[in-house]
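Chains, contacts and geometry: an overview
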Amino acid sequence: MNDRDQQRHWEQTYTDHPGMYGDEPSAPAVHAASVFRDVGARDVLELGAGHGRDSLYLARTGFTVHATDFSAQGLAQLRSRAAESGVSVTTTVHDVRRPLPLPDASVDGVFAHMLLCMALSTDEIRALVGEVRRVLRTGGAFVYTVRHQGDAHYGAGIGRGDDIFEHGGFAVHFFDRQLVDALAEGWERLNVHAFEEGELPRRLWRVTQLRPR
């Protein structure tokens, strides 16, 4: 399954299952809001926002939020929900394989729940983290989550190389700790927290790190 196939798959998924993740924020988003408050963040970027449950939560919490996703359908649902709830979120349809659509040092926090473990190669992930560092102001926080190799779906389904496996139409890059550590080089790392989510359950790491001052 190529990149365009994945984009079409997500578009169809959001079309068939609007609001598929519900209205309550994810636990990592609640954690991210706390971290962002601790570093004095105002402007926050969410990567892979989908239909926006976490972006809306961050906006309701008081942050100025810019949400990106490569699914126009997901972001349309986000904007509709934002209008219904009276909060403001800026959205941009964007593929994270390209440079982020923001100037240097323009945000105080970046949040990405399971975006880095989509069908991205290791080189693409490294480039994306470099882009996150570029758009973060000094002292800004980056909170992301990824499925890791202890997950039940690791090694299952169709192997696409580079620790990417496709299961049920969704391609996932499963992280090992070596990759997490490599992505944290040059950052101030706060912690790597293991947790579970969903019915499988999915097994993930939540990584919190700061752009050095």
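Everything numeric here is computed off the predicted structure, so don't read it as measured data. (Residues numbered from 1 in each chain as written. Predicted model: local features only at pLDDT ≥ 70, side-chain atom pairs only at ≥ 80, totals over all residues. Heavy atoms only, no water.)

It is worth spelling out the packing of helix 2 (residues 27–38) against helix 3 (residues 53–60) at this point. Two numbers describe how helix 2 lies on helix 3: the axes approach to 10 Å, and their chain directions differ by 35°. Considering the relative orientation of helix 2 and helix 3, their crossing is right-handed. Listed contacts from helix 3 to Ala-29, Val-30, Ala-33 and Phe-36 of helix 2 are Asp-54, Tyr-57 and Leu-58. Its residues placed into classes, the contact of helix 2 with helix 3 shows six nonpolar, no polar and one charged. (Axes fitted to C-alpha atoms, helices over the stretch in contact; angles between N-to-C directions. Helix = DSSP H or I, 4+ residues; strand = E, 2+ residues; numbered from the N terminus. Left-handed = near helix turned anticlockwise from the far one by under 90°. Contact = heavy atoms within 4.5 Å. Nonpolar A, V, L, I, M, F, W, Y, C, P; charged D, E, K, R; others polar.)

This paragraph deals with the nonpolar core. If you look at the biggest cluster of nonpolar residues, it comprises 34 residues, and the most contacted ones within it are Leu-116, Tyr-144 and Phe-175. Looking at this core, the elements that each hand over two or more residues are strand 1 (43–47), strand 4 (107–113), helix 5 (122–135), strand 5 (136–147), helix 6 (177–183) and strand 10 (202–210). Among the elements that line this core, the one with the most residues is helix 5, at five residues. Once residues within four sequence positions are removed from consideration, Tyr-144 is found in contact with Ala-112, Leu-116, Phe-175, Val-180, Leu-183, Trp-205, Arg-206, Val-207 and Gln-209. (Core = buried A, V, L, I, M, F, W, Y, C linked by side-chain atoms within 4.5 Å. Buried < 20%, exposed > 50% of the residue type's maximum accessible area, 1.4 Å probe, protein only.)

Here we take up the environment of Tyr-57. Mapped onto the elements, Tyr-57 comes out in helix 3. The buried category is assigned to Tyr-57, whose relative accessible area is 17%. Residues Tyr-57 and Ala-29, 28 residues apart in the sequence, show an inter-C-alpha distance of 7.8 Å. Other than its neighbours up to four places away in sequence, Tyr-57 contacts Pro-25, Ala-29, Val-30 and Ala-33.

All right, on to the pairing of strand 3 (residues 89–93) then. Bridging between strand 2 (residues 64–69) and strand 3 involves five bridges; their strand directions are parallel. Following the sheet pairing, Thr-68 is matched in strand 3 by Thr-92. Tracing the backbone out of strand 2, into helix 4 (residues 72–85) and back to the parallel element strand 3 gives a crossover that is right-handed. (Pairing = 2+ DSSP bridges. Right-handed = clockwise from strand over helix to strand, strands pointing away.)

Spatially, the seven strands line up as an open sheet ordered 3-2-1-4-5-10-9, and their pairing is mixed. Each of the sheet's edge strands pairs with one partner strand only, and the pair in question is strand 3 and strand 9 (188–197). Averaged over all pairs of adjacent strands, the angle between their axes in this sheet comes to 15°, without regard to strand direction. Helix 5 rests against strand 1, strand 4 and strand 5 of the sheet, and its axis sits at about 150° to strand 5.

With respect to the element layout, Arg-160 can be found in strand 6 (residues 158–161). Linking Arg-160 and Val-172, residues 12 residues apart in sequence, is a C-alpha distance of 9.4 Å. Separated by 2.6 Å, the side chains of Arg-160 and Glu-166 make a polar contact. (Polar contact = N/O pair within 3.5 Å; in protein donor to acceptor, adjacent residues only side chain to side chain.)

Looking now at the packing of aromatic side chains. Within this structure, the stated rule accounts for six aromatic pairs. A ring pair is formed by Phe-36 and Phe-63, whose centres lie 6.0 Å apart and whose planes are at 85°; its orientation type is edge-to-face. Taken as a pair, Phe-36 in helix 2 and Phe-63 in the loop between helix 3 and strand 2 lie far apart in primary sequence, 27 residues in all. The pair Phe-36 / Phe-63 is uniform in exposure class, with both members buried. Ring centres of Tyr-154 and Phe-165 lie 5.4 Å apart, and the angle between their planes is 85°; this geometry places the pair in the edge-to-face category. (Phe/Tyr/Trp six-rings, centres within 6.5 Å; stacked < 30°, edge-to-face > 60°.)

Next up on the list: the side chain of Thr-208. Structurally, the position occupied by Thr-208 is in strand 10. At a separation of 2.9 Å, a polar atom in the side chain of Thr-208 contacts the side chain of His-31.

Glancing now at unusual backbone geometry. The amide bond that connects Leu-200 to the next residue, Pro-201, takes the cis arrangement and shows omega of -5°. Note that Pro-201 resides in the loop between strand 9 and strand 10. For Met-114, which is not glycine, the phi dihedral falls at a positive 65°. Looking at where Met-114 falls in the secondary structure, it is placed in the loop between strand 4 and helix 5.

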